[in-house]
Amino acid sequence: LTPQGVRHLAQMLEDPAEAEHHVNIVVALGMSESSEAFPALARLEAREPRGEVSHAEYRARNALPFALGHLSRADRRALALLESQLARSSPLAWSYLHLSGERLREQLERSAISALGTSGLPEAEPLLAEVAQRAARTRDPALATHVAHARAMRARVAREGGLLVTASCSARFSSEDFFQ
């Protein structure tokens, strides 16, 4: 994306009339790896809704960690935002259908863990190691497996590059598989 394209998408992300497209905008801004995309994504994160959210809002918020993982390769502020998502211990003020409270917080935490893997950054490894220790301490095999996959992904992205790994994964899955 050009800087002008990033600015245009950032404006669209602020427009409620474009809500159905917000998920695609979030992903595009993250994958742009442009530091100009960070403020728009940070504003979305900071605008935490209350109560039941729409399908479009849920999809955009669910895609946010994925976008931040990609963006973090170009802008470390995105990595810091992922770290703050991991540190969240209180339930969220919003819900979507059957997802609320601790269940929603855990789902978004797992998305942040995956995004740390997608980043490929060496700075993500200590964060992932900390979550792996928590998984061992709490005897949570599902979390341990998820973190192990994220650590393997982080190493692969570091070795092969984010775009190559993303392209090979995209050949098997569509964004609809992840952001429904």
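Residues numbered from 1 in each chain as written. Predicted model: local features only at pLDDT ≥ 70, side-chain atom pairs only at ≥ 80, totals over all residues. Heavy atoms only, no water.

> I'm lost on the overall build of the protein chain in this one. Help?
The secondary structure content of the protein chain amounts to 10 helices and 2 strands. Put simply, the protein chain runs from its N terminus to its C terminus through helices and strands in the order α-α-α-β-α-α-β-α-α-α-α-α. In terms of overall dimensions, the protein chain is globule-like: its C-alpha atoms have a radius of gyration of 16 Å, near the 16 Å expected for 180 residues. In terms of principal-axis extent, the alpha carbons of the protein chain reach across some 45 × 40 × 30 Å. Sequence-distant contacts, at least 24 apart, represent 67% of the contacts inside the protein chain between residues at least 6 apart. Accessible surface for the protein chain amounts to roughly 9,100 Å². Of this, 55% is attributable to carbon and sulfur atoms. (Helix = DSSP H or I, 4+ residues; strand = E, 2+ residues; numbered from the N terminus. Rg over C-alpha atoms; globule rule 2.2 N^0.38 Å. Contact = heavy atoms within 4.5 Å. Areas by Shrake-Rupley, 256 points an atom, 1.4 Å probe, with all protein chains shown as cover.)

> Help me understand the environment of Ser-32, please; the structure alone is not making it clear to me.
Summarising the element assignment, Ser-32 is placed in the loop between helix H2 (22-31) and helix H3 (38-46). Residue classification places Ser-32 among the buried positions, given a relative accessible area of 18%. Each C-alpha atom, one on Ser-32 and one on Pro-65, is 14 Å from the other, the two residues being 33 residues apart in sequence. Sequence-distant contacts of Ser-32, that is, excluding residues within four places in its chain, are made with Leu-1, Val-6 and Ala-37. (Buried < 20%, exposed > 50% of the residue type's maximum accessible area, 1.4 Å probe, protein only.)

> Sorry, what's going on with the nonpolar core here?
General note: in soluble globular proteins, nonpolar side chains tend to be found buried as a group. Ranked by internal contacts, the top residues of the largest apolar core, which has 39 residues, are Val-26, Leu-29, Leu-41, Ile-113 and Leu-116. Elements with a contribution of two residues or more to this core: helix H1 (3-14), H2, H3, helix H4 (55-71), helix H5 (76-87), helix H6 (101-119), helix H7 (124-137) and helix H8 (141-160). The element that contributes the greatest number of residues to this core is H4, accounting for 6 residues. Excluding residues within four positions of it along the chain, Leu-41 makes contact with Leu-13, Val-26, Leu-29, Gly-30, Leu-64, Ala-67, Leu-68 and Leu-71. Judged by nonpolar contacts, the second largest core, of 8 residues, contains Leu-92, Tyr-96, Leu-99 and Leu-108. (Core = buried A, V, L, I, M, F, W, Y, C linked by side-chain atoms within 4.5 Å.)

> Looking at this model, I keep getting lost on unusual backbone geometry. Mind explaining?
Working note: non-glycine residues mostly have negative phi, and peptide bonds are mostly trans. The phi dihedral of Glu-33 falls on the positive side, at around 50 degrees, and the residue is not glycine. By the secondary structure assignment, Glu-33 is in the loop between H2 and H3. Phi is positive for Leu-97, which is not a glycine, with a value near 50 degrees.

> Sorry if this is basic, but what is going on with the pattern of salt bridges here?
Two side chains of opposite charge can pair, provided their charged atoms sit close to one another. Tallied over the full model, the rule gives 16 salt bridges. Two residues, Arg-105 and Glu-109, come together in a salt bridge whose shortest N-O distance is 3.9 Å. Note that Arg-105 and Glu-109 are positioned in helix H6 at a spacing of 4 residues, about one turn of the helix. Take Arg-105 and Glu-109: they sit in the same class, and that class is buried. Close ionic contact of Arg-156 with Glu-160 constitutes a salt bridge, the shortest N to O distance being 3.2 Å. (Salt bridge = Lys/Arg side-chain N within 4 Å of Asp/Glu carboxyl O.)

> Honestly, the environment of Ile-113 in this entry has me stumped. Any pointers?
Looking at the element boundaries, Ile-113 is found in helix H6. Along the chain, Ile-113 and Leu-97 lie 16 residues apart, while their C-alpha atoms are 23 Å from each other. Residue contacts for Ile-113: discarding those within four places in its chain leaves Leu-86, Leu-128, Val-131, Leu-143, His-146, Val-147 and Ala-150.

> Help me understand H1, please; the structure alone is not making it clear to me.
For the α-helix, the turn length of 3.6 residues means that residues three or four positions removed from each other point alike. For H1, with 12 residues, the first-to-last C-alpha span of 17 Å sits near the 16 Å given by 1.5 Å per residue. Regarding H1, the residues found buried are Val-6, Leu-9, Ala-10, Met-12 and Leu-13. The arc that holds every buried residue of H1, seen down its axis, measures 160 degrees, which confines them to one face. Exposed residues pointing more than 90 degrees away from the buried face of H1 are listed as Gln-4 and Gln-11. Buried positions along H1 lie against H2 and H3. (Expected span 1.5 Å × (residues − 1). Arc of directions from axis to C-beta.)

> I keep staring at H8 and nothing clicks. Help me out?
The first and last C-alpha atoms of H8 sit 28 Å apart over 20 residues, in line with the 28 Å expected at 1.5 Å per residue. For H8, the capping residue at the N-terminal end is Asp-140, with a side-chain oxygen 3.3 Å from the backbone nitrogen of Ala-142. Just downstream of H8 lies Gly-161, where phi reads positive at about 100 degrees. (Polar contact = N/O pair within 3.5 Å; in protein donor to acceptor, adjacent residues only side chain to side chain.)

Function cannot be inferred from these measures alone, as they are strictly geometric.
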